[in-house]
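Structure assessment
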Amino acid sequence: MTEIVLGVGASHSTLMNTHWDETLHKDRAERFRDALKAARDELAAARPDTVILVGSNHFRGFWLDLIPSFTLGVGECIASGESGTPKGPQPVDVPLARHIANSLVEGGRFDPAYSARLQIDHGQSHAVQYLLDGLDVEIVPLVVNVFAPPLPTLARCEQLGSAIRDAVLAFPGDRRVAVIGSGGLSHRLPWPDWRDPHGEDEEFMVGAWLNGRENWQDYDARRREIIRAAEAALNPEFDDEFLSLVEHGRTHRMTEYSTEELEKAAGNGAQEVRTWLLMAALLDHAPGRRLAYEPMPEWLTGMAVAVLDPVQSTERQP
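Residues numbered from 1 in each chain as written. Predicted model: local features only at pLDDT ≥ 70, side-chain atom pairs only at ≥ 80, totals over all residues. Heavy atoms only, no water.

The next subject is the overall build of the protein chain. Each helix and strand counted, the protein chain has eleven helices and nine strands in total. The globule rule puts the C-alpha radius of gyration for 318 residues at 20 Å, and the 18 Å found for the protein chain is close to it. Across the 318 residues of the protein chain, 57% fall into the buried class. By sequence separation, contacts in the protein chain at least 24 residues apart represent 82% of the contacts at least 6 residues apart. Once the 30 positive and 48 negative side-chain charges of the protein chain are each reduced to a mean point, those two points are 2 Å apart. (Helix = DSSP H or I, 4+ residues; strand = E, 2+ residues; numbered from the N terminus. Rg over C-alpha atoms; globule rule 2.2 N^0.38 Å. Buried < 20%, exposed > 50% of the residue type's maximum accessible area, 1.4 Å probe, protein only. Contact = heavy atoms within 4.5 Å. Lys, Arg positive; Asp, Glu negative; His and termini not counted. Charge placed at Lys NZ, Arg CZ, Asp CG, Glu CD.)

Quick look at the structure:
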């Protein structure tokens, strides 16, 4: 019998790799890093065979010439390796990935895009680096469009998580499956709405997103300069409320937000909470445990780690 054994939500930031020595709040940074290690240990203890890895795209694996809302990796998976994250081929559980894709389509609930040669960026490889280090697992990568509007609604993301859960549990065999949602929490990136850029920097960004498929590395240095020049815009109150929903198994309430309302509350980077919402739906919204929350203005992001354990959730029931 295939079962879903653990869920992990974790923020990501390549600035952990590239600017650790310049980080001012080292105590916060170390607590977040320690929480990643603790989550990694819990994943190891859960003994998954496969990890469904839900992450966002930062225009190093997808470009504006083609932006699906949801893309499943069903064959080769290559990590782009930017900013010190893992680079190169990643092991994919092809039978499970293709079963999920087939089940979603045949069941009439979703028609996701799929890729037999998927390129991912730090939206997922950051989790590979810090949460899957040393683990003998395969992945099923799922990329969610969170930065090129129009975005899939939060309700649609929650529905997809539930549909994938049904597909996974119907997979023949004895897979132990964990789920990681990589992204968020509150932050604002100096990224434009691609449909209406203003000024030289925004025009450059949109050009990089449109034209970078063959030479994305050529745009990276200036992209990094623009991001490093941005001012942090965190909302710890929003982050705490979101993590409270995770802890109480009520993450589905995020579907009450529209895309515009979410950006207003917590920044354009907070659109990445879709990855946590998908993960939580795959765990049937089991109550979670907050391992860390640290506001990191140097990394432009509210950084959090949480674990959802369906076994412990069942044991807590009266």
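Once you've had a look at it, read on.
Attention now moves to the environment of Phe-204. Residue position: Phe-204 is located in helix α6 (residues 199-211). Expressed as a C-alpha distance, the spacing of Phe-204 and Ile-180, which sit 24 residues apart in the sequence, is 32 Å. Beyond its immediate sequence surroundings of up to four residues, Phe-204 is in contact with Tyr-219, Arg-222, Arg-223 and Ile-226.

What follows concerns the packing of aromatic side chains. All chains considered together, the criterion is met by ten aromatic pairs. Between Phe-32 and Trp-299, the ring centres sit 6.4 Å apart and the planes meet at 70 degrees, which makes this aromatic pair edge-to-face. A residue pair is termed long-range when its members are at least 10 positions apart, and Phe-32 in helix α2 (residues 26-46) and Trp-299 in the loop between β8 (288-296) and β9 (301-308) qualify at 267 residues. Summarising the burial analysis for this pair, Phe-32 and Trp-299 share the class buried. Measuring from ring centre to ring centre gives 4.9 Å for Phe-147 and Trp-191, while their planes differ by 70 degrees; the resulting arrangement is edge-to-face. (Phe/Tyr/Trp six-rings, centres within 6.5 Å; stacked < 30°, edge-to-face > 60°.)

Below, the discussion takes up the pattern of salt bridges. Evaluation of the coordinates by the stated rule reveals 19 salt bridges. We note a salt bridge from Glu-3 to Arg-176, for which the minimum N-O separation is 3.1 Å. On the criterion of sequence distance, the pair formed by Glu-3 in strand β1 (residues 3-10) and Arg-176 in strand β7 (residues 176-182) is long-range, its members being 173 residues apart. (Salt bridge = Lys/Arg side-chain N within 4 Å of Asp/Glu carboxyl O.)

For the peptide bond that leads from Pro-149 to Pro-150, omega is 10 degrees, which places it in the cis range. The topology assignment puts Pro-150 in the loop between β6 (138-144) and α5 (154-169). Cis geometry is found at the peptide bond from Gly-184 to Leu-185, where omega equals 5 degrees. Of note in the backbone geometry, Arg-47 takes a positive phi value of approximately 55 degrees without being a glycine. Relative to the helices and strands, Arg-47 resides in the loop between α2 and β2 (50-56). The backbone of Ser-83 sits at a positive phi, close to 55 degrees, despite the residue not being glycine. Take Ser-83: it is sitting in the loop between β3 (70-80) and β4 (87-89). Under the relative-accessibility criterion, Ser-83 is labelled buried at 19%.

Our focus in this paragraph is the pairing of β1. For β1, the buried fraction is high: seven of the eight residues fall into the buried class. Note: β1 against β7, seven bridges, orientation parallel. Bridging from a neighbouring strand, Ile-4 pairs with Val-177 of β7. (Pairing = 2+ DSSP bridges.)

In terms of nonpolar packing, the biggest core is built from 63 residues, with Ile-52, Ile-100, Ile-164 and Phe-242 touching the most fellow members. For Ile-100, the residues in contact, after removing those within four places along its chain, are Ile-52, Leu-72, Val-140, Ile-164, Ala-167 and Val-168. Ala-10, Phe-32, Phe-62 and Val-305 belong to the second-largest nonpolar core, a separate cluster that totals 38 residues. (Core = buried A, V, L, I, M, F, W, Y, C linked by side-chain atoms within 4.5 Å.)

Assignment of secondary structure puts Glu-272 in the loop between α9 (259-266) and α10 (273-282). Here Glu-272 sits buried without a salt bridge, and the closest side chain of opposite charge, Arg-60, lies 9.6 Å off (N-O distance).

Here we take up a negative patch on the surface. Judged by side-chain charge, Asp-49, Asp-136, Glu-138 and Asp-174 come together as a negatively charged surface patch. Here Asp-174 shows up in the loop between α5 and β7. (Patch = residues over 30% accessible without salt bridge, like charges linked within 9 Å, V, L, I, M, F, W, Y side chains within 5 Å. Areas by Shrake-Rupley, 256 points an atom, 1.4 Å probe, with all protein chains shown as cover.)

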